[in-house]
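Listed here are the chains, written in short residue letters.
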Amino acid sequence: MSSKEPRWTQTWMGGVRAAGVDLGYPGQRLGLPEEGSGAIAGWGRRIAALVIDWMICTWAITRLLLGIDPATSPWVPALVFAVQYLVLVAFMGQTFGHRLAGIRVAAMDGGDPRLLPVLVRSALLILAIPPLIFDRDHRGVHDRVSNTMVVRM
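Model, not experiment: these values are computed from the prediction.

Caption draft 1: Here's a closer look at the overall build of the chain. Scanning the chain for helices and strands turns up seven helices and two strands. Mapped in sequence order, the helices and strands of the chain form the string α-α-α-α-α-β-α-α-β. In the chain, of all internal contacts separated by at least 6 residues, the share reaching a separation of at least 24 is 58%. Of the roughly 9200 Å² of accessible surface on the chain, a fraction of 65% belongs to carbon and sulfur atoms.

Caption draft 2: Focus on the environment of Val 51. Within the secondary structure layout, Val 51 lies in helix H3 (residues 43-65). Considering only alpha carbons, one finds Val 51 and Gly 97, 46 residues apart in sequence, at a separation of 7.6 Å.

Caption draft 3: Representation of a nonpolar patch on the surface in the model. There is a patch of nonpolar side chains on the surface, built from Trp 43, Ile 47, Val 51, Met 55, Trp 59 and Phe 134 and spanning about 590 Å² of accessible area. The topology assignment puts Ile 47 in helix H3. In this structure Ile 47 comes out as exposed when scored by relative accessible area, which is 51%.

Caption draft 4: How the structure looks around helix H6 (residues 115-126). Its twelve residues give H6 an end-to-end C-alpha distance of 17 Å, which sits within 8% of 16 Å, the value for a rise of 1.5 Å per residue. Looking only at H6, the buried set comprises Val 118, Arg 121, Ser 122, Leu 124 and Leu 125. With its buried residues spanning 170° around the axis, H6 presents them on a single face. Looking at H6, the residues exposed on the side facing more than 90 degrees away from the buried face are Leu 115 and Leu 116. Next to the buried residues of H6 lie H3, helix H4 (75-92), strand E1 (103-107), helix H7 (141-146) and strand E2 (148-152). Following H6 by one or two positions, Ala 128 adopts a phi angle in the positive range, close to 75°.

Caption draft 5: Molecular detail of the packing of H3 against H4. Relative orientation of the contacting elements H3 and H4 amounts to 120°, with a least axis distance of 9 Å. Crossing of H3 over H4 shows right-handed handedness. For the pair H3 and H4, contact is made by Leu 50, Asp 53, Trp 54, Cys 57, Thr 58, Ile 61 and Thr 62 and by Val 76, Pro 77, Ala 78, Val 80, Phe 81 and Gln 84, respectively. Among the residues making up the contact of H3 with H4, the classes are represented as nine nonpolar, three polar and one charged.

Caption draft 6: Here's a closer look at the packing of H4 against H6. Direction vectors running N to C along H4 and H6 enclose 155°, while the axes themselves pass 9 Å from each other. The angle between the axes of H4 and H6 places the two elements in the roughly antiparallel class. Our pair here, H4 against H6, has a crossing hand that is right-handed. Within the contact between the two elements, H4 uses Ala 78, Phe 81, Ala 82, Tyr 85, Leu 86, Val 89 and Ala 90 and H6 uses Leu 115, Val 118, Leu 119, Arg 121, Ser 122, Leu 125 and Ile 126. Here the residues of the contact of H4 with H6 are counted per class, giving twelve nonpolar, one polar and one charged.

Caption draft 7: Seen up close, the pairing of E1. Counting buried positions over the five residues of E1 gives four, a clear majority of the element. In this structure, E1 lies alongside E2, joined through five bridges in antiparallel fashion. By the bridge assignment, Ala 107 is partnered in E2 with Thr 148.

Conventions we followed
- Residues numbered from 1 in each chain as written.
- Predicted model: local features only at pLDDT ≥ 70, side-chain atom pairs only at ≥ 80, totals over all residues.
- Heavy atoms only, no water.
- Helix = DSSP H or I, 4+ residues; strand = E, 2+ residues; numbered from the N terminus.
- Contact = heavy atoms within 4.5 Å.
- Areas by Shrake-Rupley, 256 points an atom, 1.4 Å probe, with all protein chains shown as cover.
- Patch = residues over 30% accessible without salt bridge, like charges linked within 9 Å, V, L, I, M, F, W, Y side chains within 5 Å.
- Salt bridge = Lys/Arg side-chain N within 4 Å of Asp/Glu carboxyl O.
- Buried < 20%, exposed > 50% of the residue type's maximum accessible area, 1.4 Å probe, protein only.
- Expected span 1.5 Å × (residues − 1).
- Arc of directions from axis to C-beta.
- Axes fitted to C-alpha atoms, helices over the stretch in contact; angles between N-to-C directions.
- Left-handed = near helix turned anticlockwise from the far one by under 90°.
- Nonpolar A, V, L, I, M, F, W, Y, C, P; charged D, E, K, R; others polar.
- Parallel < 35°, antiparallel > 145°, perpendicular 65-115°, else oblique.
- Pairing = 2+ DSSP bridges.

Have a look at this one:
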């Protein structure tokens, strides 16, 4: 084994990059910039937006506005989340959490997504598993099916 070859553990523990394969940056295959406005949003921003939106739906809307205890009716925050996500992303391109995290949902042509793709995206997002299966461009199953991407503003 030469010093230039990766160790056998690097190919499966560290992924293909550790084995010396360059896949480029997330979004490069889509023609997006590596950094700045229009670049694929990183996981930190996406998770922060999700947490903010979930807190708004659970506490501000479900508990304070509707007066329902999320512990006794756990489906209510999920329903509120789906409705607010559908309405805000379909008409504004982003939720409150997205806005605070500096990201937005975009169609693959860079414009705002249409209503039907956002409806499909929202339904898959609520299932929780599709967002956990993603590609090297940080697009989950819900993004790929709805032909959308999450980009920085």
